[in-house]
Amino acid sequence: MIREVVLRVEGLRKRFGDVQALDGIDFTCRRGELFGLLGPNGAGKTTTIRCICSIIKPDDGSIEVEGVSVASNPLMALKKIGVVLEDGGLYERLTAEENMKLLAQLHGVDGSLIDERIDSICDTLGLDEYRKRQFKKLSKGNKQKILLGQALVIDPPLLILDEPTIGLDVPAQKVIRDLLGKIKKERTILYSTHIMSEAEELCDRLAIIDHGRIVAQGTVAEICRKAGARNLEQAFLKLVGRYA
Ligand SMILES: Nc1ncnc2c1ncn2[C@@H]1O[C@H](COP(=O)(O)OP(=O)(O)OP(=O)(O)O)[C@@H](O)[C@H]1O
Ligand SMILES: [Mg+2]
C-alpha cells in the first residue's frame, strides 16, 4: 500500500551571496515515515528545514505539507508542523511547562486538552522533575527534551527535528532515540543527523545531501547498494567524495 504524501519538496533552490546553499532538492515524506536528512557540515540540511518552516524564503521550488503550499499559505502549513530547530527558540524565562502551554494556545489547541497533553509528554520524556523550572536553568539534554515536547504539544502531522541529539550525552541520546522510535509509528518525521548509527537504526528512508544536492535517496539498504558499501558510514563517505 502506498501511503499518503505528507511533505513534498520539489526543486528547492536557495542562494546566499556566493553560496548556492540548495541546488534543486526533491524528496517526499509519506505518512508514518521517519525520513532522515544526512550530509556533511554546510550541505544544506538546516537551510532545507528553514525553508519548510517558512523561516526563510527559497529562491525557487515548492513545498507542500498535507497538500498545503508553504509559499501561498504559510500559516496553515505551519499549523501542521512541530519543529525542533538547531538554535532552540523557546522563551528562556518561562518554565518548561509554560513554554509548552503558550505554544499550544498559540496553535489553538483546545484548552481542556492542553494540560492532559503536557502531562503525557512530561511523563514520556521523563520531565516531571523539570517541568516547573525556567527553561534557561535546564541542562542541555533537558532543554532538548523540552524542545521536543513543545514540538509534540500541538500534535502535528509532521515533526521536523534538526539534529535533535546534538551535544547530548549517551543516555540522553538514547532517550531521544527511543522516543523517536516510539512516536514514529504515529506520525511523519523529518530529521537531520550526523550520527550514522542513529540514522541506520531509525530511518525508514533517507536522503544524503552534499553541496545543496541530493546525492542518494532511499532505504539504508538501497543507498549502501548504490554506493557499493558495507554500511551507511562507508556509503556516506563514498557518496560525499571524502572516502580515504
Ligand atoms: N543566513 C545565511 N547566510 C549566508 N550563508 C548561509 C546562511 N545560512 C546558511 N548559509 C550557508 O549555506 C550553506 C548550507 O548551510 P546549512 O546550515 O544548511 O548546512 P547544514 O547541512 O545544516 O550544516 P551543519 O551540518 O553544519 O548543520 C553553508 O555553506 C552555509 O554557510
Ligand atoms: Mg545544520
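Scroll up to find the structure.
Reading the values: the criteria
- Residues numbered from 1 in each chain as written.
- Chains lettered and ligands numbered in written order.
- Predicted model: local features only at pLDDT ≥ 70, side-chain atom pairs only at ≥ 80, totals over all residues.
- Buried ≥ 20, exposed ≤ 12 C-beta atoms within 10 Å, placed from the backbone.
- Helix = DSSP H or I, 4+ residues; strand = E, 2+ residues; numbered from the N terminus.
- Pairing = 2+ DSSP bridges.
- Contact = placed C-beta atoms within 7 Å.
- Axes fitted to C-alpha atoms, helices over the stretch in contact; angles between N-to-C directions.
- Near = placed C-beta within 6 Å.
- Nonpolar A, V, L, I, M, F, W, Y, C, P; charged D, E, K, R; others polar.
- Parallel < 35°, antiparallel > 145°, perpendicular 65-115°, else oblique.
- Left-handed = near helix turned anticlockwise from the far one by under 90°.

All right, on to the pairing of strand S6 (residues 81-84) then. Burial along S6 is two-sided: the face carrying Ile81 and Val83 and the face carrying Gly82 and Val84 are both buried. In this sheet, strand S7 (residues 158-162) lies alongside S6 in parallel orientation, the contact comprising four bridges. Each bridged residue has a counterpart across the sheet, and for glycine 82 the counterpart in S7 is leucine 159.

Once that is clear, we can look at the environment of threonine 219. When you line up the elements, threonine 219 lands in the loop between strand S10 (213-218) and helix H8 (220-227). Assessed through the 12 C-beta atoms surrounding it within 10 Å, threonine 219 is described here as exposed. Each C-alpha atom of the pair threonine 219 and lysine 101 lies 37 Å from the other, and the pair is 118 residues apart in sequence.

Moving on, we get to the sheet that holds strand S2 (residues 19-30). Here we have four strands laid out as an open sheet, ordered S2-S1-S4-S5, and antiparallel in their pairing. Every other strand in the sheet has two partners, leaving S2 and strand S5 (68-69) as the edge strands with one partner each. One ladder, built from five bridges, connects strand S1 (residues 5-16) with strand S4 (residues 60-65); its direction is antiparallel. What sits directly across from arginine 8, in S4, is glutamate 64. Of the strands in this sheet, S1, S2 and S4 are in contact with helix H1 (residues 45-52), which crosses S1 at around 115 degrees.

The environment of ligand 1 is formed by Phe16, Val19, Ala21, Gly39, Asn41, Gly42, Ala43, Gly44, Lys45, Thr46 and Thr47. Of all the secondary-structure elements, those providing two or more residues to the shell around ligand 1 are S2 and H1. Here the shell around ligand 1 takes three residues from H1, the largest share from any one element. For the shell around ligand 1, the class distribution of residues is four nonpolar, six polar and one charged.

At a minimum axis distance of 10 Å, the contact between helix H3 (residues 96-106) and helix H4 (residues 111-125) shows a crossing angle of 140 degrees. Taken as axis vectors, H3 and H4 run oblique relative to one another. Of the two possible hands of crossing, H3 and H4 adopt the one that is right-handed. Taking contact as the criterion, the partners of Glu97, Met100, Lys101 and Ala104 in H3 are, on H4, Ile114, Arg117 and Ile118.

A separate point is the pairing of S7. Within S7, five of the five residues are buried, leaving the element largely enclosed by the surrounding structure. Side chains of S7 alternate between two faces, with Leu158, Ile160 and Asp162 and Leu159 and Leu161 buried alike. The pairing of S7 with strand S8 (residues 188-193) spans five bridges and is classified as parallel. Bridge assignment links leucine 161 to a residue of S8, and that residue is tyrosine 191.

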